[in-house]
Amino acid sequence: MKKIATAYVLTCTLLIISIWCGVAIGSVHIPIEVLWNQSVDETAANIFWKIRLPRVLLAGLVGASLAIAGAAFQGLLKNPLADPYTLGISSGASVGAVMTIFLNISIPVVGLYALPTFSMIGAIITMVIVMSFARVVDRSLKMETLILTGVIFSSFLGSLISLMIALSGEELRQVIGWLLGSVSMRGWPYVQMIIPFVIVGSLMLWTQRRELNVLLYGEERAKHLGVNVKKSKYLILVGGSMLTGAAVAVSGTIGFVGLVVPHMTRMIWGSDHRHLLPLSFFNGATLLIICDLVARTIILPRELPIGVITAFIGAPVFSYIFYKQRRGKGVRA
């Protein structure tokens, strides 16, 4: 119990520090006094409230969404190589979002939420197709089969995105800028856009924390212990796809967060999903806030896409996990 309390204290402390670094550091330094007295530096105060704070909060929400979704997928599939990016779910969400931009889809009832809604639908459809196809190819649903299936569908969906880019006119810059992955100049409307999906999706996964623990021992044993496996799978897949779709809709495709964060959290604090899910949520927020800070300060005055930074971190970690698995030393979910 003491270990878990320490985990939450450290995790929350790191998150608070990363948030303050994210809002304070940049081409313009933000003094801490602007929190309670905007007249100290009105320019810095405007930058803080209108640009830096919404950007940092958006990065945190995107990172948290991808991390908790990755933790849930890894628990469901019993393998740490599973995440929204490697399973092709991010590509499905990207197709939904790009199609919305390309066709200029606007639904009066949905309004601002058209983009994350269609992105979420794309993520869910892709997840169902990938799982179904992989099960047809291999009834045991081995992880290698699932990842190869994800790669196949990611390539196909990538070609659809390329087709829409080739056919686009005025939307070209918007689509390409969005695909690179960024939380730059999004503002408060995007924070408001993602919050409902983060809340609903996270709660759906949180309700399945005990079921995820039981599913680690296999579906048959879970059934004997009273778990409604079909219902749990449905809730986990829909909740994870909802989070992925919403994250991709507001920030573009950002890879490896859902792979790295749950894996590192599991290594340090254990695999109990009652704590793994919330700790991954907080750590995911911290990681992406820091990555965004690096992306916008490392080559000032220019800015890197945030996906570049996460790929630099994620690719070696992915290689390490895969190597350990193939060597039989087992990094297990």
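Presented here is an overview of the structure given in this document. (Residues numbered from 1 in each chain as written. Predicted model: local features only at pLDDT ≥ 70, side-chain atom pairs only at ≥ 80, totals over all residues. Heavy atoms only, no water.)

With that out of the way, let us pick up the overall build of the protein chain. In terms of helices and strands, the protein chain carries 13 helices and zero strands. Each helix and strand of the protein chain, ordered N terminal to C terminal, gives the series α-α-α-α-α-α-α-α-α-α-α-α-α. Against the 2.2 N^0.38 benchmark of 20 Å for 333 residues, the protein chain shows a C-alpha radius of gyration of 20 Å, consistent with a compact globule. If one aligns the C-alpha atoms of the protein chain with their principal axes, the spans along those axes are about 65 × 55 × 40 Å. For the protein chain, the residues scored as buried account for 52% of the 333 residues in total. Residue pairs in contact within the protein chain that sit at least 24 positions apart in sequence constitute 76% of those at least 6 positions apart. Split by element, the accessible area of the protein chain, about 15800 Å² in all, is 66% carbon and sulfur. Charge centroids of the protein chain, computed over 27 positive and 14 negative side chains, lie 11 Å from each other. (Helix = DSSP H or I, 4+ residues; strand = E, 2+ residues; numbered from the N terminus. Rg over C-alpha atoms; globule rule 2.2 N^0.38 Å. Buried < 20%, exposed > 50% of the residue type's maximum accessible area, 1.4 Å probe, protein only. Contact = heavy atoms within 4.5 Å. Areas by Shrake-Rupley, 256 points an atom, 1.4 Å probe, with all protein chains shown as cover. Lys, Arg positive; Asp, Glu negative; His and termini not counted. Charge placed at Lys NZ, Arg CZ, Asp CG, Glu CD.)

Let's shift gears to the nonpolar core. Generally speaking, a soluble globular protein has its nonpolar side chains buried in company with each other. Among the nonpolar cores identified, the biggest contains 72 residues, and V62, F73, L87 and I194 are the most heavily contacted of them. Considering each element in turn, this core owes the most residues, 20 residues, to helix 2 (residues 42-77). If sequence neighbours within four positions are ignored, V62 has contacts with I194, A247, V250, S251, I254 and L288. One finds V95, V98, I101 and V175 within the second-largest nonpolar core, a separate group that totals 10 residues. (Core = buried A, V, L, I, M, F, W, Y, C linked by side-chain atoms within 4.5 Å.)

Now for the pattern of salt bridges. Counted under the stated rule, the structure contains four salt bridges. Across the salt bridge formed by E303 and R55, the nearest N and O atoms sit 2.7 Å from each other. Placement of the pair is E303 in the loop between helix 12 (273-297) and helix 13 (306-326) and R55 in helix 2, with a sequence separation of 248 residues. Residue D272 pairs with R274 through a salt bridge whose shortest N-O separation is 2.6 Å. Under the relative-accessibility criterion, D272 is labelled partly exposed at 25%. Relative accessible area serves as the criterion here: at 38%, R274 is assigned to the partly exposed category. One network of salt bridges, with partners in common, ties together R55, D292, R296 and E303. (Salt bridge = Lys/Arg side-chain N within 4 Å of Asp/Glu carboxyl O.)

Once that is clear, we can look at empty space enclosed by the protein. Gaps between atoms show up when a probe of the same size as a water molecule is rolled over them. A complete count under the given rule lists one cavity of 30 Å³ or more for this structure. Taken as a whole, the largest cavity holds about 30 Å³ of empty space. Looking at the largest cavity, the residues that line it are L66, D83, P84, Y85, S90, I254, G255, F256, V257 and G258. Of the residues that constitute the lining of the largest cavity, the class distribution is six nonpolar, three polar and one charged. (1 Å grid on protein atoms, 1.4 Å probe; cavity = no way out; pocket = protein on both sides within 12 Å on 5 of 7 lines; lining within 4 Å. Points joined across faces, edges and corners; volume = space filled by probe spheres on them. Nonpolar A, V, L, I, M, F, W, Y, C, P; charged D, E, K, R; others polar.)

This part covers helix 10 (residues 229-251). Helix length check: helix 10 (23 residues) gives 33 Å between terminal C-alpha atoms against 33 Å at 1.5 Å per residue, within 8%. Within helix 10, 20 of the 23 residues are buried, which leaves the element mostly enclosed by the surrounding structure. Looking at where helix 10 begins, the residue whose side-chain oxygen comes 3.2 Å from the main-chain nitrogen of K231 is N228. Immediately downstream of helix 10, the backbone of G252 shows phi near 85°, a positive value. (Expected span 1.5 Å × (residues − 1). Polar contact = N/O pair within 3.5 Å; in protein donor to acceptor, adjacent residues only side chain to side chain.)

Closest axis-to-axis distance for the helix 2/helix 11 (residues 257-269) pair is 7 Å, and the angle between their directions is 65°. As the angle between them shows, helix 2 and helix 11 are arranged roughly perpendicular. As for the relative orientation of helix 2 and helix 11, their crossing is right-handed in sense. Contacts between helix 2 and helix 11 involve G63, L66, A67, G70, A71 and Q74 on the former and, on the latter, V257, G258, L259, V261, P262, H263 and R266. Residue classes in the contact of helix 2 with helix 11 are distributed as seven nonpolar, five polar and one charged. (Axes fitted to C-alpha atoms, helices over the stretch in contact; angles between N-to-C directions. Parallel < 35°, antiparallel > 145°, perpendicular 65-115°, else oblique. Left-handed = near helix turned anticlockwise from the far one by under 90°.)

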